[in-house]
Amino acid sequence: EDQVTQSPEALRLQEGESSSLNCSYTVSGLRGLFWYRQDPGKGPEFLFTLYSAGEEKEKERLKATLTKKESFLHITAPKPEDSATYLCAVQEGGGADGLTFGKGTHLIIQP
Amino acid sequence: GAVVSQHPSRVICKSGTSVKIECRSLDFQATTMFWYRQFPKQSLMLMATSNEGSKATYEQGVEKDKFLINHASLTLSTLTVTSAHPEDSSFYICSARRLQGSDTQYFGPGTRLTVL
């Protein structure tokens, strides 16, 4: 059974204080790993897709990396508008198309 | 862009009634659409995968006769919750994947269903 574990569950940072969110996964043949941002009461907003170990993607203050067992979402010099829940999801190879999500990391950036 | 809309955004209904939720991909064609459910402070759980022109594939534990899915075109999928009960109250979110391209799923804004 696919499992996705995100840590920490919640993280409070000061504006400008960089940190990393972790996503550990166990899946029989990774087809893709996805990062999304979700604001309260809204659907997930796509951030990144990673396909193979060693791959990195960047967008503004966010950088996602992937190894064979985990992914990190690095947040550099965050701003209050970066406050949200960050979700990690995996897609298994072998034909299954749906995503298995972790429970997310609730990030609060204080001004 | 890759915009997905849902309608309605929130609905309140009485127990025993049926509710239909629409999911549309506005600026791309989607062979495959997905329906997820999210309970408070929980993550998204896949309910079913919907392919245009064919029957939906339901995840284990999801009643196909209760959650009717129709994917009649490359831009529209509907989820009907039949004979809704209070335990069906949840946040229902659809996603769509482009006809051609990556495996990325783009999500709609969600529908908050409250069954009284």
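Before reading further, recall that the structure is shown in the block above.
This one's a predicted model, so the numbers in the text were calculated from it and none came from an experiment. Per chain, the residues get numbers from 1 upward, laid out in the order the sequence is written. For naming, the first written chain is A and the first written ligand is 1, with later ones following in the order written. Selection of residues for local features in this predicted model requires a pLDDT of at least 70, selection of side-chain atom pairs for listing and counting requires 80 or more, and totals for whole chains, interfaces and linings are taken over all residues. Calculation of side-chain values draws on the structure's entire complement of heavy atoms; hydrogens and water are dropped beforehand.

Colleague: Just checking my understanding: could you explain the overall build of chain B for this structure?
Modeller: Counting from the N terminus, the helices are DSSP H or I runs at least four residues long and the strands are E runs at least two residues long. Looking only at helices and strands, one finds 0 helices and 11 strands in chain B. For chain B, the N- to C-terminal ordering of α and β elements is β-β-β-β-β-β-β-β-β-β-β. Here chain B, with 116 residues, has 50% of them falling under the buried criterion. In chain B, once contacts between residues fewer than 6 apart in sequence are set aside, the share between residues at least 24 apart is 55%. Of the roughly 5,700 Å² of accessible surface on chain B, a fraction of 50% belongs to carbon and sulfur atoms. For every residue, the accessible area (1.4 Å probe, protein chains only) is compared with the maximum for its type, and the residue is labelled buried under 20%, exposed over 50%, or partly exposed between those bounds. When checking whether two residues touch, look at their non-hydrogen atoms; a contact exists if any pair is within 4.5 Å. Surface accessibility follows the Shrake-Rupley procedure with a 1.4 Å probe radius. Residue values consider only the protein chains on display as shielding.

Colleague: What is the right way to look at the packing of aromatic side chains in this model?
Modeller: Geometrically, a pair of aromatic rings is defined through the distance of the ring centres and the angle of the planes. Between 30 and 60 degrees the pair is tilted, below 30 it is stacked and above 60 it is edge-to-face, where a pair is any two Phe, Tyr or Trp rings, Trp via its six-membered ring, whose centres lie within 6.5 Å. Following the criterion strictly, the structure yields 9 aromatic pairs over all chains and no others. When the centroid spacing of 5.1 Å and the interplanar angle of 90 degrees are considered together, the rings of Tyr36(A) and Phe107(B) count as edge-to-face. Pair noted here: Tyr36(A) is in strand S4 (residues 30–38) and Phe107(B) is in strand S10 (residues 105–107), and the two residues belong to different chains. When its relative accessible area of 8% is taken as the criterion, Phe107(B) is described as buried. Cluster of aromatic residues (ring-pair linked, three or more members): Tyr36(A), Phe46(A), Phe101(A), Phe28(B), Tyr36(B), Tyr106(B) and Phe107(B). Across the ring face of Phe28(B), the terminal group of Arg98(B) is positioned such that the distance to the ring centre comes to 5.2 Å. The criterion is that NZ of a Lys, or CZ of an Arg, lies within 6 Å of the ring centre and within 35 degrees of the ring normal, and then a charge sits over that ring.

Colleague: What should I look at first to understand the interface of chain B and chain A in this one?
Modeller: Opposite the 18 residues of chain B that make contact, chain A presents 19 residues. The term buried area refers to how much accessible surface (probe radius 1.4 Å) is lost by two components on association, counted for both of them together. Contact with chain A buries area across many residues of chain B, yet Ser43(B), Asp103(B) and Phe107(B) alone supply 32% of it, more than any other trio. Just to be clear on terms, a salt bridge is a Lys or Arg side-chain nitrogen sitting within 4 Å of an Asp or Glu carboxyl oxygen. The tally of links between chain B and chain A comes to 2 salt bridges. Notably, a salt bridge pairs Arg31(A) with Asp103(B), separated by 3.0 Å at the nearest N-O pair. Each polar contact in these results corresponds to two N or O atoms within 3.5 Å; when the atoms are within protein, one needs to be able to donate a hydrogen and the other to accept it, and residues that are neighboring in sequence are counted only if both atoms are side-chain atoms. At the junction of chain B and chain A, the tally comes to 9 residue pairs in polar contact (both at pLDDT 80 or more). Put simply, the parts of the chain that give the side of chain B that touches chain A at least two residues each are strand S4 (30–38), strand S9 (90–98) and S10 of chain B. Three categories are distinguished: nonpolar for Ala, Val, Leu, Ile, Met, Phe, Trp, Tyr, Cys and Pro, charged for Asp, Glu, Lys and Arg, and polar for the others, with Gly belonging to the last. Counted by class, the side of chain B that touches chain A contains 9 nonpolar, 7 polar and 2 charged residues.

Colleague: Just checking my understanding: could you explain the pairing of strand S11 (residues 105–110) of chain A for this structure?
Modeller: Remark: a regular strand shows side chains that alternate across the two faces of the sheet. All names here are of chain A. Only one face of S11 is buried: it carries Thr105, Leu107 and Ile109, and the other face, with His106, Ile108 and Gln110, is open. We treat two strands as partners when DSSP finds at least two bridges between them. Direction of pairing for strand S2 (residues 10–14) relative to S11: parallel, over a ladder of 5 bridges. Within S11, the position partnered with Leu13 by the bridge is Ile109. Bridge count for strand S9 (residues 84–92) against S11 is 3 bridges, and the pairing is antiparallel. Of the residues in S11, the one forming a bridge with Ala84 is Leu107.

Colleague: I would appreciate a short explanation of the state of the cysteines in the present structure.
Modeller: Between two cysteines, a covalent bond joining their sulfur atoms is known as a disulfide. Residues and elements named next belong to chain B. The definition used for a disulfide is geometric: two cysteine sulfur atoms within 2.5 Å. In the structure shown here, the tally under the stated rule is 2 disulfides over all chains. Cys23 shares a disulfide with Cys94; S-S distance 2.0 Å. Given an S-S torsion of about 80 degrees, the disulfide between Cys23 and Cys94 has right-handed geometry. Of this pair, Cys23 sits in strand S3 (residues 19–25) while Cys94 sits in strand S9; the two residues are 71 residues apart in sequence, bridging distant segments of the chain. With no disulfide of its own, Cys13 lies closest to Cys94 among cysteine sulfurs, the gap being 18 Å.

Colleague: What should I look at first to understand the nonpolar core in this one?
Modeller: Nonpolar side chains tend to gather and get buried jointly when the protein is soluble and globular. Counting residues in each nonpolar core, the largest one holds 25 residues, and the members touching the most others are Val4(B), Trp35(B), Phe67(B), Leu79(B), Tyr92(B) and Leu113(B). Secondary structure elements with two or more residues in this core: strand S2 (10–13), S3, S4, strand S5 (45–51), strand S7 (67–73), strand S8 (76–81), S9 and strand S11 (111–115) of chain B. Setting aside anything within four residues of it in sequence, one finds Val4(B) in contact with Cys23(B), Arg24(B), Ser25(B), Phe28(B), Cys94(B), Ala96(B), Tyr106(B), Phe107(B), Gly108(B) and Pro109(B). Among the nonpolar cores identified, the runner-up in size contains 23 residues, and Leu13(A), Val27(A), Leu73(A) and Leu107(A) belong to it. What we call a nonpolar core is a set of buried Ala, Val, Leu, Ile, Met, Phe, Trp, Tyr and Cys residues that are connected through their side-chain atoms within 4.5 Å.

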